Amino acid sequence: MKIKHFVIIITLLVAYNCSKEPQKLRQIEAKQININDSLKEVTEIEEFIKPKREYIKADLEKILCYNPTYLSKKGNNLNSALGNLMADIVYEQANPIFNERTGKNIDFVLLNYGGIRATIPEGNITTRTAFEVMPFENTILVAELSYDQLKDLESYLIENEKAHPVSQQFHLEFRKDKSVKSFTINKKTPQKNKTYYVATSNFLLGGGDHMDFFKEALSVTPVDYLLRKAMIDYFAKQDTLQTSTDKRLYID
Amino acid sequence: MKRRDFIQKTAVGATFASLGGLSLASCAPEKQSHITILHTNDVHSHIDPFPADHPDFPNQGGVARRATLIENIRQENPNTILLDAGDIFQGTPYFNYYGGELEYKLMSMLRYDAVTLGNHDFDNGIEGILAQLPNANFDFVSANYAFVNTPLEDYIKPYKIFVRGEIRIGVFGLGIELEGLVEKKNYGETVYIDPIEIAQDITKELKEKENCDLVICLSHLGYHYKGDKVSDLKLAAQTQDIDLIIGGHTHTFLDKPAVVKNKINEDVLVNQVGCYGINVGRVDFYFDKASKVKSQGKSILV
């Protein structure tokens, strides 16, 4: 009996002391675990996803055309085949609509590097490909820019030094010291008394990526065309996709 | 059995007590706490694994596989917290077809504890987040987005305290400046607050008022930028009392987590695990009461 009492009292004392002293962080171990096929799937989760996956799949697996080469937005010297393709698609698909509405033509297209969200593997291009590359519900708009705003656009591309997609009508080559080698629109030096119709996305026109030259656009004409839909419509017209790099936007 | 164990351990404690006075070392062996933090970032609606012929991530990712990993780790250590650093939405047709319903439902099934908001979580606007909240059985933390006068005001708190065993863990969120990244109409009246300033206030509150043993920042600021733009590395260096920064936004795949000296020359762990659910980050924190610990400081194994 006496011994038991003793034990309990000591226990309380020790416990009291322990609870007063907070635990101290002694050791941290950090690592990264890759998720791959060495892990089995949780059946309940898989069964929850399955019907949704199949519904979407049926909608997306339609083959649109064939892509003979792996396409990535990560190009050389600010130019990539995928960026070029994206901007040229927007021109080809949106210009007829813009022309019909206004009687004018788009001068060039400017999109943003960050807006291309996936690479395109070699092989069949499906509706799904368009969703992967362009998952956003972005629409095409045409902004009318003054000469000064066009020069701001030029400075932005030089300062920003990112592979923002531009269409083939646009040509800007510059050097690492930021001096301009050549800058033309439709092979002509920009004219002070002319305005320029630039097709872009609602994201960039709304202030995205700080393309501030769009903020004071002289006019904005909606084309009411989703960027992704433009891609899907373009792919559907092709048999084998033709893509290439060039020097439309190029740093030397 | 248990009672006998108890008495045996107590007896050992008593021996120590009688030998060296009531030394705190006497309760060290059985008073160790182990907290496991698991984290993802920028999953971007990647619910299915990438196909075997994918050029970048063949056969990797997938929520149903992630669920297995998380379940295994929880069995190993029930004191586990599962976090996500934002950009849950946008990136596969699942988002375009279901508006984020699946992402939140699946994360609830995986028993995520807390997340912060990334810029793409605003892609369907504030209303788009609000509409999916009933599917989210986890907390949203953001300390530097003020949602006053928006419908999210009552749903998103600066931080959340988790208690696991004896350890109090404070998790607060930080988001990237939305202007220029998200269309104005999508973030509406949300006000962006300087993350470094607010982090100082929050960590002080978590340490002093909430008595947290562990402070974790869930950040969607981005790992590192060339210029002055605030990043996780800058946040780590210019603050104090943060133990771990779990980052996102820049889709940074690190060879190993970074260890950065903070404002008072203590180590802060900064981690980010790429994107698309390719990886899960795991950070284990070991605590004990041994009095010598204080002079030893903490060791970080990465």
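A quick note: this is a predicted structure, and the numbers were derived from the prediction, not measured.

**Q** Would you take a moment to explain the overall build of chain A for this structure?
**A** What chain A contains, in helices and strands, is 7 helices and 10 strands. By the compact-globule yardstick of 18 Å for 252 residues, chain A is too spread out, its C-alpha radius of gyration being 28 Å. Going through the 252 residues of chain A one by one, you find that 50% of them count as buried. Accessible surface computed for chain A: about 12,700 Å², of which carbon and sulfur atoms make up 50%. Computed over 34 positive and 33 negative side-chain charges, the inter-centroid distance for chain A is 7 Å.

**Q** It is not clear to me how the pattern of salt bridges should be interpreted in this structure. Could you clarify?
**A** Pairing is possible between side chains of opposite charge, provided their charged atoms come close. By the definition in use, this model includes 28 salt bridges over all chains. Here Arg128(A) and Glu61(A) are joined by a salt bridge, their closest N and O atoms 2.9 Å apart. You can see Arg128(A) sitting in helix α4 (residues 127–133) and its partner Glu61(A) sitting in the loop between α2 (43–60) and β2 (63–67), a full 67 residues away along the chain. Where Lys261(B) meets Asp267(B), a salt bridge forms, and the shortest distance between an N and an O atom there is 2.8 Å. For Lys261(B), a relative accessible area of 44% gives the class partly exposed.

**Q** How should I be thinking about unusual backbone geometry in this particular structure?
**A** Phi is mostly negative for residues that are not glycine, and the peptide bonds are mostly trans. With phi around 75°, Leu78(A) is a residue other than glycine that occupies positive phi space. Topologically, Leu78(A) is positioned in the loop between β2 and α3 (81–102).

**Q** How should the interface of chain B and chain A be read in this particular structure?
**A** Quoted interface sizes are often the accessible area lost when the parts come together. Each side of the interface is counted separately: chain B has 84 residues, and chain A has 57 residues. With both sides pooled, the region where chain B packs onto chain A buries about 6,300 Å², and carbon together with sulfur makes up 61% of that total. The largest contributions to the chain B side of the interface with chain A come from Arg65(B), Tyr97(B) and Tyr286(B), which together make up 10% of the buried area. Here chain B and chain A share 2 salt bridges between them. Asp288(B) is the partner of Arg26(A) in a salt bridge, and the nearest nitrogen-oxygen pair spans 2.9 Å. Taken together, the connections running from chain B to chain A amount to 31 residue pairs in polar contact (both at pLDDT 80 or more). Elements with a minimum of two residues in the side of chain B that touches chain A: α1 (2–20), α2 (63–76), α3 (93–98), α4 (101–109), β13 (267–271), β14 (279–288), α9 (293–296) and β15 (299–301) of chain B. Residues belonging to the side of chain B that touches chain A are distributed by class as follows: 40 nonpolar, 24 polar and 20 charged. Relative to β14(B), strand β1 (residues 24–34) of chain A runs antiparallel, the two sharing 10 bridges. In the sheet register, Lys24(A) faces β14(B), and the bridge partner there is Asp288(B).

**Q** I would appreciate a short explanation of helix α5 (residues 147–160) of chain A in the present structure.
**A** Side chains that are three or four residues apart share a direction in an α-helix, a result of its 3.6 residues per turn. Residue and element names in this part refer to chain A. Between the first and last C-alpha of α5 there are 20 Å, a value that for 14 residues agrees with the 20 Å anticipated at 1.5 Å per step. Burial in α5 covers these residues: Tyr147, Gln149, Leu150, Leu153, Glu154, Tyr156, Leu157 and Ile158. Elements in contact with the buried residues of α5: β3 (108–109), β5 (139–145), β6 (170–174), β7 (180–185), β8 (196–201) and β10 (249–251). Looking one or two residues past α5, Glu161 carries a phi angle of roughly 50°, positive in sign.

**Q** Mind showing me how you'd approach the packing of α2(A) against α4(B) here?
**A** Where α2(A) meets α4(B), the closest approach of the two axes is 11 Å, and the angle between their N-to-C directions is 170°. With respect to α4(B), the axis of α2(A) lies roughly antiparallel. Where α2(A) approaches α4(B), its residues Glu44(A), Ile45(A), Phe48(A), Ile49(A) and Lys52(A) are matched on the opposing element by Leu102(B), Lys105(B), Leu106(B) and Met109(B). Looking at the contact of α2(A) with α4(B) residue by residue, the classes come out as 6 nonpolar, no polar and 3 charged.

**Q** Looking at this model, I keep getting lost on the packing of α3(A) against helix α7 (residues 227–237) of chain A. Mind explaining?
**A** A pair of packed helices is characterised by two quantities: the angle between their axes and the separation of those axes. Residue and element names in this part refer to chain A. Direction vectors running N to C along α3 and α7 enclose 90°, while the axes themselves pass 9 Å from each other. On the basis of the axis angle, α3 is roughly perpendicular to α7. Between α3 and α7, the residues in contact are Leu85, Met86, Ile89, Val90, Glu92 and Gln93 and Leu227, Ala230, Met231, Asp233, Tyr234, Phe235 and Lys237, respectively. Of the residues assigned to the contact of α3 with α7, the class counts are 9 nonpolar, 1 polar and 3 charged.

**Q** Would you mind showing me how to read the sheet that holds strand β2 (residues 80–84) of chain B here?
**A** Paired through their backbone hydrogen bonds, the strands of a sheet run either parallel or antiparallel. Strand order in the open sheet made by the 8 strands is β6(B)-β4(B)-β3(B)-β2(B)-β1(B)-β14(B)-β1(A)-β15(B), with mixed pairing throughout. A single partner strand is all that each edge strand has here, and the edge strands are β6 (156–157) and β15 of chain B.

**Q** Could you clarify how one ought to interpret the nonpolar core in this entry?
**A** In a soluble, globular protein the nonpolar side chains are often hidden away together inside. Of all hydrophobic cores here, the largest spans 47 residues; its most connected members are Ile45(A), Tyr104(B), Leu110(B), Leu117(B), Phe122(B), Phe138(B) and Phe140(B). Among the secondary structure elements, those contributing two or more residues to this core are α2 of chain A together with α2, α3, α4 and α5 (125–132) of chain B. Ranked by residues supplied to this core, first place goes to α2(B) with 6 residues. In this view, Leu110(B) contacts Ile45(A), Val63(B), Arg66(B), Ala67(B), Ile70(B), Arg74(B) and Leu82(B); residues no more than four positions away in its chain are not counted. One finds Cys65(A), Val223(A), Tyr225(A) and Phe235(A) within the second-largest nonpolar core, a separate group that totals 36 residues.

**Q** Got a minute to help me understand empty space enclosed by the protein in this structure?
**A** It is the rolling of a water-molecule-sized probe over the atoms that shows where space remains empty. The full count for this structure, using the stated rule, is 3 cavities of 30 Å³ or more. If you add up the space inside the largest cavity, you get close to 100 Å³. Lining of the largest cavity is provided by Val43(B), Ser45(B), His46(B), Ile47(B), Val63(B), Arg66(B), Asp84(B), Ile88(B), Glu103(B), Leu106(B), Met107(B) and Tyr112(B). No other element matches α4(B), which puts 3 residues into the lining of the largest cavity. Looking at the lining of the largest cavity, its residues break down into 7 nonpolar, 2 polar and 3 charged. The computed volume of the second largest cavity comes to approximately 70 Å³. Residue lining of the second largest cavity: Met86(A), Leu111(A), Asn112(A), Gly115(A), Ile116(A), Met134(A), Asn138(A), Pro165(A), Ser201(A) and Leu227(A), and that is the complete set.

Calculation criteria
- Every chain is numbered on its own, with residues counted from 1 as its sequence reads.
- Written order decides the labels, with chains lettered from A and ligands numbered from 1.
- In keeping with the model being predicted, local features are shown solely for residues with a pLDDT of at least 70 and side-chain atom pairs are shown and tallied solely at 80 or more, while totals for entire chains, interfaces and linings include all residues.
- Neither water nor hydrogens contribute to the side-chain values; these are computed over all heavy atoms in the structure.
- Only DSSP runs of H or I reaching four residues or more are called helices, and only runs of E reaching two or more are called strands; each is numbered from the N terminus.
- Radius of gyration here is computed from C-alpha atoms only, and the compact-globule reference equals 2.2 Å multiplied by the residue count raised to the power 0.38.
- The cut-offs for exposure are 20% and 50% of the maximum accessible area for each residue type, with area from a 1.4 Å probe on protein chains only; residues under the lower value are buried, those over the upper are exposed, and the others partly exposed.
- Per-residue accessibility takes into account occlusion by the displayed protein chains alone, with areas from the Shrake-Rupley method and a 1.4 Å probe.
- None of His or the chain ends enter the tally, which takes Lys and Arg as positive and Asp and Glu as negative.
- Throughout, a charge is located at the NZ atom of Lys, the CZ atom of Arg, the CG atom of Asp or the CD atom of Glu.
- Salt bridges are defined as contacts in which a side-chain nitrogen from Lys or Arg sits within 4 Å of a carboxyl oxygen from Asp or Glu.
- In this analysis, two residues are considered to be in contact whenever any of their non-hydrogen atoms come within 4.5 Å of each other.
- We define buried area as the total accessible area lost by two parts upon association, computed with a 1.4 Å probe and summed across both.
- N or O atoms within 3.5 Å of each other form a polar contact, as long as, within protein, one can give a hydrogen and the other can take it, and as long as residues adjacent in sequence are counted only when both atoms are side-chain atoms.
- By the convention adopted, Pro, Cys, Tyr, Trp, Phe, Met, Ile, Leu, Val and Ala count as nonpolar, Lys, Arg, Asp and Glu as charged, and the other residues, Gly among them, as polar.
- Only strands that DSSP links by at least two bridges are regarded as paired with each other.
- Helices are assigned an expected span. That span is 1.5 Å times one less than the residue count.
- Here the axes come from fitting lines to C-alpha atoms, over the contacting stretch only for helices, and the angles between their N-to-C directions go from 0 to 180 degrees.
- Small angles under 35 degrees read as roughly parallel and large ones over 145 as roughly antiparallel, with 65 to 115 read as roughly perpendicular and the rest as oblique.
- Nonpolar cores were defined as sets of buried Ala, Val, Leu, Ile, Met, Phe, Trp, Tyr and Cys residues, with membership established by side-chain atoms within 4.5 Å.
- The method works on a 1 Å grid over the protein atoms by themselves. A cavity is a set of points holding a 1.4 Å probe that cannot get out, a pocket is an open set with protein on both sides within 12 Å along at least five of seven lines, and residues with an atom within 4 Å of a point line them.
- Grid points are joined across faces, edges and corners, and a volume is the space filled by probe spheres set on the points.

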